[in-house]
Amino acid sequence: MSTDISSQSQNTQPDGRVLLVGCGNMGFAMLKGWIEQGTPANRIDVVEPNDDLRQRAAGTGASVHADVADIIDGEAPAMAIIAVKPQMMARVLAAYKPFAAAGTTFVSVAAGTLLGTIEGALGQGSAVIRCMPNTPAAVGKGMMVCCANEAVTDKARAVCETLLSSSGSVAFVEEERLMDAVTGVSGSGPAYVFHFIEAMAEAGVKSGLPEELSKELAIQTVYGAAAYARSSDEDPGQLRSNVTSPNGTTAAALDVLMGTGRLRELVAEAVEAAAERSRELSRD
Ligand SMILES: NC(=O)c1ccc[n+]([C@@H]2O[C@H](COP(=O)([O-])OP(=O)(O)OC[C@H]3O[C@@H](n4cnc5c(N)ncnc54)[C@H](OP(=O)(O)O)[C@@H]3O)[C@@H](O)[C@H]2O)c1
């Protein structure tokens, strides 16, 4: 399988402007990541109809617009990132066809919307990259997995990688069908981890800890464990084993979490449910 993972910025900047269409939860997380990691705000345009969200985007220094009509007659951007709901994609893409014809590379983050569907809406031969990001992009710690169609040039792919790498790690997959499982693991994944943090914090309160302290312990433990797993040469199973003294406290807890049909099966079921929903969206 051709899967290329990189967390390094290449020295490849867009030749023109960058356009972000939709600046809600995911769009804003990416925008924040780009700007905080050094992409000049004066090279970014944002189209977002919601007044409050548009003002929030304006706070980053990017140029903001309420409607495509404000920009469509201007210079075509080098790259347009589309971050609207999957159900909005057909209508939104139709409005950006002139940019596709002028050579803009489109990057869609919509779950389940296929490369072929996007290319069909923009015009055959349009350059399209599907990307599944996640919201830790807001702090430069996202996981951005991409899949490009044949019209995407090597240069555009490199530019996309440079831009996205300011939001976190970037991987490219060649087989589009993998995007469903990617969505189940890293796209939706932050929600599972946030839920785990909630559950840990609530459990701490039940065991007698003050609420604020319990929340801090849960967050710092997940943060520290992830940072340690990221930097360690040992795999997560070994790191778990290193915490687990024979007949100790961790073993008592893991007997609960790892007993028959517990966390591992539950997580597999959750990831598959997300992947299946992604497949369903691609058939809508
Ligand atoms: N949230 C995540 O963690 C995540 C992760 C990976 C991928 N995604 C994908 O990212 C996309 C956006 O998700 P989200 O959670 O960010 O949704 P969201 O918070 O609802 O953001 C979408 C934004 O797009 C705006 N919009 C609607 N029509 C538009 C138009 N014609 N031009 C420009 N903007 C328009 C919406 O405004 P209104 O609300 O006024 O309609 C909204 O503010 C989805 O396709 C999703 O699958 C999300």
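Criteria and cut-off values
- Residues numbered from 1 in each chain as written.
- Predicted model: local features only at pLDDT ≥ 70, side-chain atom pairs only at ≥ 80, totals over all residues.
- Heavy atoms only, no water.
- Helix = DSSP H or I, 4+ residues; strand = E, 2+ residues; numbered from the N terminus.
- Rg over C-alpha atoms; globule rule 2.2 N^0.38 Å.
- Buried < 20%, exposed > 50% of the residue type's maximum accessible area, 1.4 Å probe, protein only.
- Lys, Arg positive; Asp, Glu negative; His and termini not counted.
- Charge placed at Lys NZ, Arg CZ, Asp CG, Glu CD.
- Pairing = 2+ DSSP bridges.
- Right-handed = clockwise from strand over helix to strand, strands pointing away.
- UniProt positions renumbered as here; feature names shortened; annotations may be inferred.
- pLDDT = per-residue confidence, 0-100.
- Contact = heavy atoms within 4.5 Å.
- Near = heavy atom within 4 Å.
- Polar contact = N/O pair within 3.5 Å; in protein donor to acceptor, adjacent residues only side chain to side chain.
- Areas by Shrake-Rupley, 256 points an atom, 1.4 Å probe, with all protein chains shown as cover.
- Axes fitted to C-alpha atoms, helices over the stretch in contact; angles between N-to-C directions.
- Parallel < 35°, antiparallel > 145°, perpendicular 65-115°, else oblique.
- Left-handed = near helix turned anticlockwise from the far one by under 90°.
- Nonpolar A, V, L, I, M, F, W, Y, C, P; charged D, E, K, R; others polar.
- Expected span 1.5 Å × (residues − 1).
- Arc of directions from axis to C-beta.
- Phe/Tyr/Trp six-rings, centres within 6.5 Å; stacked < 30°, edge-to-face > 60°.
- Patch = residues over 30% accessible without salt bridge, like charges linked within 9 Å, V, L, I, M, F, W, Y side chains within 5 Å.
- Salt bridge = Lys/Arg side-chain N within 4 Å of Asp/Glu carboxyl O.

A word on the overall build of the protein chain. Of regular secondary structure, the protein chain possesses twelve helices and nine strands. Its C-alpha radius of gyration of 21 Å places the protein chain within 12% of the 19 Å reference for a compact globule of 284 residues. Projected onto the principal axes, the alpha-carbon positions of the protein chain cover approximately 70 × 40 × 35 Å. The proportion of buried residues among the 284 residues of the protein chain is 42%. Of the side-chain charges in the protein chain, 22 are positive and 34 negative, and the distance between the mean point of each set is 1 Å.

Among the seven residues of strand 8 (residues 142-148), five are classified as buried, and the element is accordingly described as predominantly covered. Relative to strand 8, strand 7 (residues 128-132) runs antiparallel, the two sharing four bridges. Residue Met132 lies in a different strand from strand 8, and its bridge partner there is Val145. The pairing of strand 8 with strand 9 (residues 168-173) spans five bridges and is parallel. The partner of Met144 across the bridge, within strand 9, is Val170. With respect to chirality, the unit in which strand 8 leads through helix 6 (residues 154-165) into the neighbouring parallel strand 9 is right-handed.

Quick look at the UniProt feature "domain: Pyrroline-5-carboxylate reductase dimerisation" (unreviewed entry) in the protein chain now. The positions that UniProt labels "domain: Pyrroline-5-carboxylate reductase dimerisation" (unreviewed entry) are, in the present scheme, residues 176-281. The distance separating the terminal C-alpha atoms of residues 176-281 is 14 Å; by composition the span is 80% helix and 0% strand.

Further remarks concern the UniProt feature "domain: Pyrroline-5-carboxylate reductase catalytic N-terminal" (unreviewed entry) in the protein chain. In this numbering, the UniProt entry assigns the feature "domain: Pyrroline-5-carboxylate reductase catalytic N-terminal" (unreviewed entry) to residues 19-112. For the annotated span residues 19-112, helix accounts for 34% and strand for 19% of the residues, and the straight-line distance between the end C-alpha atoms is 22 Å.

Before going further, it helps to examine the confidence of the model for the protein chain. Averaged over all residues, the pLDDT of the protein chain equals 94, while 96% of them reach at least 70. Predicted confidence is poor over residues 6-11, with pLDDT under 50, and the contacts of this stretch with residues over four places away or in other chains come to ten contacts. Both scores are given for the predicted complex: the pTM is 0.93, the ipTM 0.98.

Further remarks concern the site of the ligand. In the vicinity of the ligand there are 22 residues, among which Asn25, Met26, Glu48, Val84 and Ala111 approach most closely. Between an oxygen atom of the ligand and a main-chain N or O atom of Asn25, the distance comes to 2.9 Å. Within the backbone of Val84, one N or O atom sits 2.6 Å away from an oxygen atom of the ligand. Protein coverage of the free-state accessible area of the ligand, which is 880 Å², stands at 74%.

The next point concerns the packing of helix 8 (residues 189-206) against helix 9 (residues 211-231). It is at 8 Å that the axes of helix 8 and helix 9 come closest, and there the two elements cross at 140°. Judged on the interaxial angle alone, helix 9 and helix 8 are oblique. Crossing angle aside, the handedness with which helix 8 passes helix 9 is right-handed. Contact residues: helix 8 offers Val193, Phe196, Ile197, Met200, Ala201, Gly204 and Val205, while helix 9 offers Glu211, Ser214, Lys215, Ala218, Ile219, Thr221 and Val222. Residues of the contact of helix 8 with helix 9, tallied by class, amount to nine nonpolar, three polar and two charged.

Along its 21 residues, helix 9 runs 30 Å from first to last C-alpha, staying within 8% of the 30 Å computed at 1.5 Å per residue. Every buried residue belonging to helix 9 is among Ser214, Ala218 and Val222, and all of these are buried. Down the axis of helix 9, the smallest arc covering the buried residues is 65°, so these residues share one side. Exposed and oriented more than 90 degrees from the buried face of helix 9 are Glu212, Tyr223, Arg230 and Ser231. Structurally, helix 9 contributes buried residues whose contacts are with helix 8.

Scanning the model with the defined rule gives one aromatic pair in all. Measuring from centroid to centroid gives 6.3 Å for Tyr96 and Phe99, while their planes differ by 45°, and the two rings are tilted. On the basis of relative accessibility, which here comes to 2%, the residue Tyr96 falls in the buried class. Judged by relative accessible area, Phe99 falls into the buried class, the value being 3%.

On the surface, Phe196, Met200, Leu257, Met258, Leu263, Leu266 and Val267 cluster together into a nonpolar patch covering about 570 Å² of accessible area. For the nonpolar patch, the elements supplying multiple residues, two or more each, are helix 8 and helix 12 (263-283). Of note, Val267 is situated in helix 12. Look at Val267 and you get partly exposed, because its relative accessible area is 40%.

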